[in-house]
Amino acid sequence: MYDFSFNISTKILFGKNQLDNLADEIKKYGQRVLLVYGRNSIKKIGLYDEIVKIFEENSITHFELSGVVPNPRIDKVREGVKIAKDNDIDFVLAVGGGSVVDSAKLIAAGFYTDSDPWDIVIKKEKVTNALPLGSILTLAATGSEMNAGSVISNEETGQKLGWGSEYVRPKFAIMNPEYTYSVDSYHTAAGTVDIMSHTMENYFTLNDGAYLNDRFAEGILKTCIKYGPIAIKESDNYEARSNLMWANSWAINGLISAGKSTEWSVHAMEHELSALRDITHGVGLAILTPAWLEYCLDDETSEKISTFGYNVFDIEKTDSQIDDAKKAIEALRNFLESLGINLSLKEEGFSEEDLPIMAKNCLDNKNKSQIDGFKVLKEEDILNIYKKA
Ligand code: NZQ
């Protein structure tokens, strides 16, 4: 295991009645709140009205930024920073899925700079402070409610880029699994894949001796495999929704990556898909992951991939580790298909001509000549994986 530091300061308020604590949590930090949300899902489930009532009853002044879309845009963040500055906001409350939380994080950091918030994303501007923010999560997928990362798209430059800072790690996250009952089967499937992908990005490493992390990771993966299909069939199954919600946080809050050297190959490749065609992030991950694992499979990686098969998909051990690893990838592919996701770039509207553009952008956007993940991937390798997918 490599050296690591681990400190998750986000207070988790998990369960059915935690909204009762909202006003007290906010008042620790401020009284003038910017409420950030998406289109109409929080209104449909009645959550918006409940929050506004709590604000009124507790003399919390609030301003709003609505209309955050999936693969959230920098323009909306700019709008949010302006509202925050014009109205002396002292707290940002994100209510929604990862796109909303990610936008709120950049608004919180953008408040303290005169530069364009996109400069923060491209690392031209260093984050030295941020407004405190909290989140009320309504979709289990990204884990953004308990981590310090954010992913923002810029339509002008055609980029979708990740950035992060400890300053924007949420102070608290209210996580009521009932809020996710209304998530449709498509987004439930995509969210489940996102949780699994975060876990696999951390799991598929070599020679780090992080045995415990990998057993934690297998537990998260098994949780998704057990409860993803149940949540798709029975959208109001509390046990399924609560297990997925909790798995979502632990897949990406630093626990399973601690002591490992991880470089997120599939996410880097996926961000080019959603930057170019605005597809749902989890769907892009589902398409790429089996293709990526097949491409990585060799004598060096077969032990890890076959272990994944034995421990996650209960595949029977044979004399051939390579064959077992192939079965593991097949089991993963079958599971992803069973969630109702098309595992083909072509079916998602990508053409042959798109592939070299995305392969080039994938490295250019990281300012790197290769991705040093489970297997080193150069531009040609990334292109080959896109072709396989
Ligand atoms: O706009 P609304 O009406 O809110 O609808 C949303 C949206 O259409 C809907 N939704 C959310 N909660 C709902 C609901 N519908 C019904 N009932 C509810 N309770 O779901 C749709 C998708 O929402 P979005 O926030 O985009 O989904 P998700 O949480 O998957 O976030 C995806 C974004 O997060 C980034 C992705 O790249 C993508 O941009 N990621 C962020 C990460 C992070 N910060 O650590 C890591 C992730 O891997 C990922 O890259």
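The shown structure was predicted, so the numbers you read here are calculated from the model rather than taken from an experiment.

Caption draft 1: Spatial organisation of empty space enclosed by the protein. Taken as a whole and judged by the stated rule, the model has one cavity of 30 Å³ or more. The calculated volume of the largest cavity comes to roughly 80 Å³. If you go around the largest cavity, the residues you meet are Leu139, Ala140, Thr180, Val183, His187, Thr188, Thr192, Arg241, Leu244 and Met245. Counting only elements with at least two residues in the lining of the largest cavity, the list comes to α7 (185–203) and α9 (238–250). Here the residues of the lining of the largest cavity sort into five nonpolar, four polar and one charged.

Caption draft 2: Summary view of unusual backbone geometry. Despite not being glycine, serine 59 shows a phi value in the positive range, around 50°. A relative accessible area of 56% places serine 59 in the exposed class.

Caption draft 3: Fine view of helix α8 (residues 211–233). Given a rise of 1.5 Å per residue, 23 residues ought to cover 33 Å, and the 34 Å separating the end C-alpha atoms of α8 matches this to within 8%. At tyrosine 227, α8 shows its largest kink, close to 30°, and the proline proline 229 lies no more than four residues downstream. The complete set of buried residues in α8 reads Asn213, Asp214, Ala217, Glu218, Ile220, Leu221, Thr223, Cys224, Ile225, Tyr227, Gly228 and Ala231. Check the buried side of α8 and you find it contacts α7, α9, α12 (302–313) and α13 (321–338).

Caption draft 4: Local environment of the pattern of salt bridges. Scanning all chains against the criterion turns up 23 salt bridges. Across the pair lysine 76 and glutamate 79 runs a salt bridge, and its minimum N-O distance is 3.4 Å. One end of the pair, lysine 76, and the other, glutamate 79, are both in helix α4 (residues 74–86), three residues apart, so they sit about a helical turn from each other. Since its relative accessible area comes to 39%, glutamate 79 is described here as partly exposed. Across the salt bridge formed by lysine 375 and glutamate 300, the nearest N and O atoms sit 2.6 Å from each other. Here the residue lysine 375 occupies a position in the loop between β9 (371–372) and β10 (376–377), and glutamate 300 occupies one in the loop between α11 (281–296) and α12, the gap between them amounting to 75 residues. When salt bridges with common partners are traced through the structure, they connect Glu294, Glu330, Arg333 and Lys388 into a single cluster.

Caption draft 5: Broad picture of the side chain of glutamine 18. Looking at the element boundaries, glutamine 18 is found in the loop between β1 (11–14) and α1 (22–27). Of the polar contacts made by the side chain of glutamine 18, one reaches the backbone oxygen of phenylalanine 14; its length is 3.2 Å. Not counting the four nearest positions on each side in its chain, glutamine 18 is found in contact with Leu13 and Ile174.

Caption draft 6: Region of the structure containing the packing of α4 against helix α5 (residues 98–110). At a minimum axis separation of 9 Å, α4 and α5 run at an interaxial angle of 45°. In terms of their interaxial angle, α4 and α5 are classed as oblique. For the pair α4 and α5, the sense of crossing is right-handed. Touching Ile74, Val77, Gly80, Val81, Ala84 and Lys85 of α4 are Ser103, Leu106, Ile107 and Gly110, all from α5. Considered class by class, the residues forming the contact of α4 with α5 number six nonpolar, three polar and one charged.

Caption draft 7: Quick peek at the pairing of strand β7 (residues 159–164). As paired strands, strand β6 (residues 149–154) and β7 are joined by six bridges and run antiparallel to one another. Its bridge partner being in β7, asparagine 154 is matched across the sheet by glutamine 159. Connecting the antiparallel pair β6 and β7 is a turn made up of four residues, with glycine 158 showing a positive phi of about 70°.

Caption draft 8: Expanded view of α7. End to end, α7 covers 26 Å across 19 residues, agreeing with the expected 27 Å (1.5 Å per residue, within 8%). With 16 of its 19 residues buried, α7 lies for the most part within the structure.

Caption draft 9: A look at the environment of methionine 358. Mapped onto the fold, methionine 358 is located in helix α14 (residues 354–364). Judged by relative accessible area, methionine 358 falls into the buried class, the value being 1%. Through-space distance from the C-alpha of methionine 358 to that of leucine 273 is 7.3 Å; in sequence the pair is 85 residues apart. Excluding anything up to four places from it in sequence, methionine 358 contacts Glu272, Leu273, Leu276, Phe350 and Tyr386.

Caption draft 10: Up close: the packing of α11 against helix α15 (residues 379–388). At a minimum axis distance of 9 Å, the contact between α11 and α15 shows a crossing angle of 125°. The orientation of α11 relative to α15 falls into the category oblique. Between α11 and α15 lies a crossing of right-handed hand. From α11, Leu288, Ala291, Trp292, Glu294 and Tyr295 reach across to α15, where they touch Asp381, Asn384, Ile385, Tyr386 and Lys388. Across the contact of α11 with α15, the residue classes break down as six nonpolar, one polar and three charged.

Caption draft 11: Fine view of the site of the ligand. Near the ligand you find 32 residues, and of these Arg39, Gly98, Ser99, Lys160 and His198 are the closest. Residue serine 182 places a side-chain N or O atom 2.8 Å away from a nitrogen atom belonging to the ligand. Within the contact set of the ligand, an oxygen atom lies 2.5 Å away from a side-chain nitrogen or oxygen of histidine 198. When the ligand sits alone it has 970 Å² of accessible area, and the protein chains cover 89% of it. Broken down by secondary-structure element, the contributors of at least two residues to the shell around the ligand are α5, β6, α7 and α10 (265–277). For the shell around the ligand, the class distribution of residues is nine nonpolar, 19 polar and four charged.

About the thresholds
Residues numbered from 1 in each chain as written. Predicted model: local features only at pLDDT ≥ 70, side-chain atom pairs only at ≥ 80, totals over all residues. Heavy atoms only, no water. 1 Å grid on protein atoms, 1.4 Å probe; cavity = no way out; pocket = protein on both sides within 12 Å on 5 of 7 lines; lining within 4 Å. Points joined across faces, edges and corners; volume = space filled by probe spheres on them. Helix = DSSP H or I, 4+ residues; strand = E, 2+ residues; numbered from the N terminus. Nonpolar A, V, L, I, M, F, W, Y, C, P; charged D, E, K, R; others polar. Buried < 20%, exposed > 50% of the residue type's maximum accessible area, 1.4 Å probe, protein only. Expected span 1.5 Å × (residues − 1). Bend = angle between axes of the 7 residues up to and from the residue. Contact = heavy atoms within 4.5 Å. Salt bridge = Lys/Arg side-chain N within 4 Å of Asp/Glu carboxyl O. Polar contact = N/O pair within 3.5 Å; in protein donor to acceptor, adjacent residues only side chain to side chain. Axes fitted to C-alpha atoms, helices over the stretch in contact; angles between N-to-C directions. Parallel < 35°, antiparallel > 145°, perpendicular 65-115°, else oblique. Left-handed = near helix turned anticlockwise from the far one by under 90°. Pairing = 2+ DSSP bridges. Near = heavy atom within 4 Å. Areas by Shrake-Rupley, 256 points an atom, 1.4 Å probe, with all protein chains shown as cover.

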